[in-house]
Amino acid sequence: MTEPTALTSTWEDGLFVCIGENRHHELAGHPVSALAADGQGGALAIVSGHALRRRTADGEWITLATSEFHLSCCVPVGDVIYVGTDDARVLRVGKTGDVEPLRGFETVAGRDTWYAGSAVIDGQRVGPPLGIRSITATADRRVLLANVHVGGIPRSIDGGVTWHPAIDIDTDVHDVCAHPADPEIVIAAAAVGLCISHDGGATWTVEQDGLHASYCSAVAFLGNDMVVAASTDHFARQGAIYRRALDGRRSFEPVGGLPRWIDGIADTRCISTLASAAAVADRAGNLWLSTDGGQTWVRRAEGLPAPSSVLIL
């Protein structure tokens with residue numbers, strides 16, 4: 001296949017664009033997070049916390065909207081883009097750039113029991129705030145699912161007007177991903193394992209068989225398989241990438257062609273797939289790329305600043 005474009009955003013120093021062995025740097029010095037395909041051959045990104053921007057297919061950057069809220073992730077649904085925030089809001093951005101907070105999300109049942117996913121280590125608080133860690137929409141665009149950390153996965157079937165909890169908050173979800181073609185299948189990486197839904201995110205089961213540890217941090221679909229990152233905890237010095245067929249007839253197995261252990265975890269949004277292409281970015285800044293459905297892998301970059309997201313175009 002033609003070499004895909006792999007975008008790796010970083011928490012502090014812009015975005016790195018890899019095409020084959022060529023690499024260049026964009027938006028240097030700016031924090032860039034939460035990459036998402038825009039449905040037009042380009043990418044959406046959160047830049048400097050408050051700007052929703054589009055990178056066109058030819059590499060031009062366009063600001064679509066800005067917000068007083070600190071933005072965390074996004075997903076396009078037709079002409080609308082839904083954006084999560086670090087203080088656990090969901091915003092709707094229209095095609096003219098108007099930003100509307102979805103008030104129904106702020107009254108979802110159980111919201112008063114959500115809690116921040118940070119911890120005190122050596123006297124200092126580390127880790128993310130209470131907020132929307134990832135957001136997705138089913139293939140038929142009928143269901144929105146917002147992953148709150150830590151607050152489960154509120155679900156909307158009316159375009160974000162009303163929301164309802166769909167998984168226990170103590171599942172501690174880190175990444176939610178809807179199947180690109182089957183609207184019934186949704187998967188989520190959580191501290192308790194890989195969560196899978198066969199009814200559009202309404203109900204869930206948890207699977208761990210074959211994983212060396214239950215703490216899962218990123219997920220994606222690759223062909224007829226699920227791909228998931230697992231480690232002992234968020235601060236683990238090594239992690240592993242596993243795959244398993246959707247039919248569930250086998251346990252998870254390490255992805256062949258990748259190192260058995262990657263350098264630190266592959267965090268939320270740090271696994272991306274498109275057709276037969278796949279990319280994985282680990283905490284040490286290694287970018288691994290496959291163009292044959294995950295059978296073989298090449299390290300296209302190493303030592304990148306701390307990755308916040310990876311996207312295949």
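Nothing here was measured: the structure is a model prediction, and the numbers come from that model.

Caption draft 1: Looking closely at the pairing of strand β21 (residues 215–222). Counting buried positions along β21 gives eight out of eight residues, so the element sits mostly inside the fold. Pairing geometry for β21 and strand β22 (residues 225–231), over seven bridges, is antiparallel. Looking across to β22, one finds that A218 is bridged to A229. Between the end of β21 and the start of β22, which pair antiparallel, lie two residues, with G223 showing a positive phi angle near 60°.

Caption draft 2: Quick peek at the nonpolar core. L52, C74, Y82, V83, V90, F105 and W163 are the most contacted members of the largest nonpolar core, which has 31 residues in total. Listing elements by their share of this core, those giving two or more residues are β4 (32–37), β5 (43–47), β8 (71–77), β9 (80–85), β10 (90–93), β14 (131–137) and β15 (144–149). The element that contributes the greatest number of residues to this core is β8, accounting for five residues. In contact with V90, other than residues within four places in its own chain, are Y82, V83, E100, P101, L102, F105, I132, I135, A146 and W163. If you look at the next biggest cluster of nonpolar residues, it comprises 28 residues, including V227, I271, A279 and I312.

Caption draft 3: Representation of empty space enclosed by the protein. Applying the stated rule across the entire model yields two cavities of 30 Å³ or more. As a volume, the largest cavity reaches approximately 40 Å³. Forming the walls of the largest cavity are L222, V227, R243, V255, I271, T273, A278 and W297. Within the lining of the largest cavity, the residues separate by chemical class into six nonpolar, one polar and one charged. In terms of lining residues, the second largest cavity is bounded by L52, A65, T66, S67, L71, V83, V93 and V99.

Caption draft 4: Representation of the side chain of E26 within the structure. Structurally, E26 is set in strand β3 (residues 22–26). In terms of polar contacts, E26 uses its side chain to reach the side chain of H24, at 2.8 Å. Apart from the residues within four sequence positions on either side, E26 is in contact with G14, L15, V17, R55 and W61.

Caption draft 5: Geometry of the sheet that holds β4. If you trace the four strands from one edge of the open sheet to the other, you get β4-β5-β6-β7, paired in antiparallel fashion. Of all strands in the sheet, those with a lone pairing partner are β4 and β7 (61–66), marking the two edges. Adjacent strand axes in the sheet meet at a mean angle of 25°, parallel and antiparallel pairs treated alike. With five bridges joining them, β5 and strand β6 (residues 51–55) adopt antiparallel strand pairing. What sits directly across from I46, in β6, is L52.

Caption draft 6: Just the layout of surface pockets, in detail. As a volume, the largest pocket reaches approximately 1,300 Å³. Together, 43 residues line the largest pocket, and A37, V75, T136, A178 and P180 are the ones closest to its centre. Secondary structure elements with two or more residues in the lining of the largest pocket: β4, β8, β14, β17 (173–178), β21, β26 (271–274) and β30 (307–312). When grouped by side-chain class, the residues that make up the lining of the largest pocket number 26 nonpolar, 13 polar and four charged.

Caption draft 7: Representation of the packing of aromatic side chains. In the structure shown here, the tally under the stated rule is two aromatic pairs. An angle of 50° between the planes, with centres 5.8 Å apart, marks the rings of F105 and W114 as tilted. One exposure class covers both F105 and W114, and it is buried. Seen from their ring centres, F105 and W163 are 4.9 Å apart, and the 90° between their planes marks the pair as edge-to-face. With a gap of 58 residues between them, F105 in the loop between β11 (99–101) and β12 (119–121) and W163 in the loop between β16 (155–156) and β17 connect regions that are remote in the sequence. Taking relative accessible area as the criterion, W163 reaches 4% and is therefore assigned buried. A network of ring pairs unites the aromatic residues F105, W114 and W163 as a single cluster. Of note, R244 hangs over the ring of F252, and the distance from its end group to the ring centre comes to 5.3 Å.

Caption draft 8: Examining the pattern of salt bridges more closely. If you walk through the whole model with that rule in mind, you get 13 salt bridges. Counted as one network, the salt bridges with shared partners bring together D87, R89, R103 and E106.

Procedures and definitions
Residues numbered from 1 in each chain as written. Predicted model: local features only at pLDDT ≥ 70, side-chain atom pairs only at ≥ 80, totals over all residues. Heavy atoms only, no water. Buried < 20%, exposed > 50% of the residue type's maximum accessible area, 1.4 Å probe, protein only. Helix = DSSP H or I, 4+ residues; strand = E, 2+ residues; numbered from the N terminus. Pairing = 2+ DSSP bridges. Core = buried A, V, L, I, M, F, W, Y, C linked by side-chain atoms within 4.5 Å. Contact = heavy atoms within 4.5 Å. 1 Å grid on protein atoms, 1.4 Å probe; cavity = no way out; pocket = protein on both sides within 12 Å on 5 of 7 lines; lining within 4 Å. Points joined across faces, edges and corners; volume = space filled by probe spheres on them. Nonpolar A, V, L, I, M, F, W, Y, C, P; charged D, E, K, R; others polar. Polar contact = N/O pair within 3.5 Å; in protein donor to acceptor, adjacent residues only side chain to side chain. Axes fitted to C-alpha atoms, helices over the stretch in contact; angles between N-to-C directions. Phe/Tyr/Trp six-rings, centres within 6.5 Å; stacked < 30°, edge-to-face > 60°. Lys NZ or Arg CZ within 6 Å of the ring centre and 35° of its normal. Salt bridge = Lys/Arg side-chain N within 4 Å of Asp/Glu carboxyl O.

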